Amino acid sequence: MTDVCDLKKRIQSATNALTTGAPVLIVSGADDQEVADVLIPAALASPRWTAWAVRYTSGLLCAAMRSTRADELELPAMVRGNGFSATTPAFGIGVDATAGVGTGISATDRSRTARVLASPQTRPVDLTRPGHILPLRTAPRGVIEHRNSAESAVDLCEIAGLPPVALTATLLSDDGTLLQGTELAAFARVQRVPVVQLQDVVHYRLHHGDGHVGRVRHTATRIVDVPDRSMRVVDFDDELTGAHHTAFIGSTTPAAAPTVYIVFECSHRDPLVSDCGCRHEFETRRAQIATEGGIIVYLRSNPRPANQYTVQGHELAQGSITSILTHLGFTTVMVCGWPGGQDPTSACALDLTPTVRNPAYKTAASL
């Protein structure tokens, strides 16, 4: 599991650089398959950094953006039916800005086109075709849907609070080969460019969302009564998957280290309204936390098919759980029923400690 402190430092360093218009390196692959891509936020693209990117890369500058935005700008894929492949980039038709450019190939012109592409006010008429910046169509849900450096570049721009359009190109050595290993590390150090692993962006998106509303969004809070007690019930929308989750909070406070029971939606759906065997067990657990303290995190099924994600169902569940608990203000918890079968780990500032390996309450369901 990625060390939480190192992960947050790398993401923070990258987003700090991006907000000044400076470049970041995104590294994917491993060993001799390692690839480093330069990322410059298109909204802040300058002639200086665009020229720098041309100097140290292949010079083929792409503007990565969500496919939905590319459709709005009437930038179709070069090849009809070209989806999101692990090996074939979804290039769109090359463009230049309609106004404010000369030949289109200079660093000044290309940075101008990048800024036009990033502007929310830009319309198809503001772009000429063909041109010298290649749009790169990326998956609408980013690295969680398609684990690729282009998606991670767009996600990082969004996490930094910038328009989700990234000027990208592949870093090369002086002899034209991919810059890798110690040479890549030396380049980043000399050039003072932050380095982020693609997997860092995946972990961040799983546990923190897109940097704005977070992975989950609080939708409602209510009080329900159980025998001799009342308890707080908090509903959340999962911004990543579209699922609706609920936290049942007993007599505990964020200052304590409560036991958290992870409960998955059973095949009969919500145990609050369904009449199945799970209902009795759920009510028993709910009465227990009302009396003794603790939390039930009730995870409902994702409405989208599992094949729309590049991560496993238990990874999606882990991110939902940590996001809910941090949203509620907890920093240390005892976890019972952590999804995935291993000891609980987190990519956010939440200390998770396992309780018993086989909790008494289970439901035979998954995300």
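First, a word on what this report is: a plain description of the structure on this page.

The rules we used
Residues numbered from 1 in each chain as written. Predicted model: local features only at pLDDT ≥ 70, side-chain atom pairs only at ≥ 80, totals over all residues. Heavy atoms only, no water. Helix = DSSP H or I, 4+ residues; strand = E, 2+ residues; numbered from the N terminus. Contact = heavy atoms within 4.5 Å. Areas by Shrake-Rupley, 256 points an atom, 1.4 Å probe, with all protein chains shown as cover. Salt bridge = Lys/Arg side-chain N within 4 Å of Asp/Glu carboxyl O. Buried < 20%, exposed > 50% of the residue type's maximum accessible area, 1.4 Å probe, protein only. Core = buried A, V, L, I, M, F, W, Y, C linked by side-chain atoms within 4.5 Å. Arc of directions from axis to C-beta. Axes fitted to C-alpha atoms, helices over the stretch in contact; angles between N-to-C directions. Parallel < 35°, antiparallel > 145°, perpendicular 65-115°, else oblique. Pairing = 2+ DSSP bridges. Polar contact = N/O pair within 3.5 Å; in protein donor to acceptor, adjacent residues only side chain to side chain.

### Focus on the overall build of the protein chain
Part 1: The helix and strand inventory of the protein chain stands at nine helices and 14 strands.
Part 2: Put simply, of all contacts in the protein chain between residues at least 6 apart along the chain, 68% involve residues at least 24 apart.
Part 3: Carbon and sulfur atoms make up 51% of the accessible area of the protein chain, which amounts to about 16,200 Å² in all.

### Details of the pattern of salt bridges
Part 1: Under the criterion given, the structure shown has 12 salt bridges.
Part 2: Close ionic contact of Arg217 with Asp237 constitutes a salt bridge, the shortest N to O distance being 3.1 Å. Separated by 20 residues along the polypeptide, Arg217 in strand S8 (residues 216–226) and Asp237 in strand S9 (residues 229–238) bring together distant segments of the chain.
Part 3: Among the residues examined, Asp237 registers a relative accessible area of 16% and is labelled buried.
Part 4: Taken together, the salt bridges that share partners define one network made up of Arg66, Asp155, Glu158 and Arg205.

### Quick look at the nonpolar core
Part 1: Of all hydrophobic cores here, the largest spans 63 residues; its most connected members are Leu39, Leu117, Ile144, Leu156 and Leu171.
Part 2: In this structure, Leu117 is in contact with Ala63, Met65, Leu73, Leu75, Val95, Leu127, Ile133 and Val165, ignoring residues within four places of it in sequence.
Part 3: Judged by nonpolar contacts, the second largest core, of 23 residues, contains Ala247, Val260, Phe264 and Ile295.

### Description of helix H2 (residues 47–56)
Part 1: Every buried residue of H2 is listed here: Trp49, Thr50, Trp52, Ala53 and Tyr56. For H2, the arc enclosing every buried residue in end-on projection is 155 degrees, short of the 170-degree limit, so these residues lie on one face.

### Some thoughts on the packing of helix H7 (residues 198–208) against helix H9 (residues 313–327)
Part 1: Put simply, H7 and H9 touch, their axes get as near as 7 Å, and they point 55 degrees apart. The angle between H7 and H9 places the two elements in the oblique class. Here H7 contributes Leu206, His207 and His208 to the contact with H9, which in turn contributes Glu315, Leu316, Gln318, Gly319, Ser320, Thr322 and Ser323.

### As for the environment of Leu325
Part 1: Assignment of secondary structure puts Leu325 in helix H9.
Part 2: Taking the C-alpha atoms as reference, Leu325 lies 9.4 Å from Ile295; in sequence the two are 30 residues apart.
Part 3: Among residues more than four places away in sequence, those in contact with Leu325 are Val260, Ile295, Val297, Phe330, Val333 and Leu350.

### Brief notes about unusual backbone geometry
Part 1: Residue Arg129 is joined to Pro130 through a cis peptide bond whose omega torsion reads 0 degrees.
Part 2: By the secondary structure assignment, Pro130 is in strand S5 (residues 127–138).
Part 3: Positive phi, close to 55 degrees, is recorded for Glu74, a residue that is not glycine.
Part 4: Residue position: Glu74 is located in the loop between helix H3 (67–72) and strand S4 (95–97).
Part 5: Its relative accessible area of 52% is what places Glu74 among the exposed residues.
Part 6: Even without a glycine there, the phi angle at Arg192 is positive, about 55 degrees.

### Side note on the sheet that holds strand S7 (residues 195–197)
Part 1: Reading across from one edge, S4-S5-S3-S6-S2-S1-S7 is the order of the seven strands in this open sheet, with mixed pairing throughout. With one partner strand each, in any of the chains shown, S4 and S7 form the two edges of the open sheet. Each strand axis lies, on average, 45 degrees off the axis of its neighbour in the sheet, ignoring direction.
Part 2: Along the sheet, helix H6 (residues 181–191) makes contact with strand S1 (24–28), strand S2 (35–41) and S7, crossing S1 at roughly 165 degrees.

### Let's talk about the side chain of Asp238
Part 1: Relative to the elements of secondary structure, Asp238 occurs in strand S9.
Part 2: One polar contact links Asp238 to Arg215, side chain to side chain, over a distance of 2.8 Å.
Part 3: Only 2.7 Å separates the side chain of Asp238 from the side chain of Ser320, close enough to count as a polar contact.
Part 4: With residues up to four places along the chain from it excluded, the contact list for Asp238 reads Arg215, Val216, Ala243, His245 and Ser320.

By themselves, these are just geometric observations and shouldn't be taken as functional.
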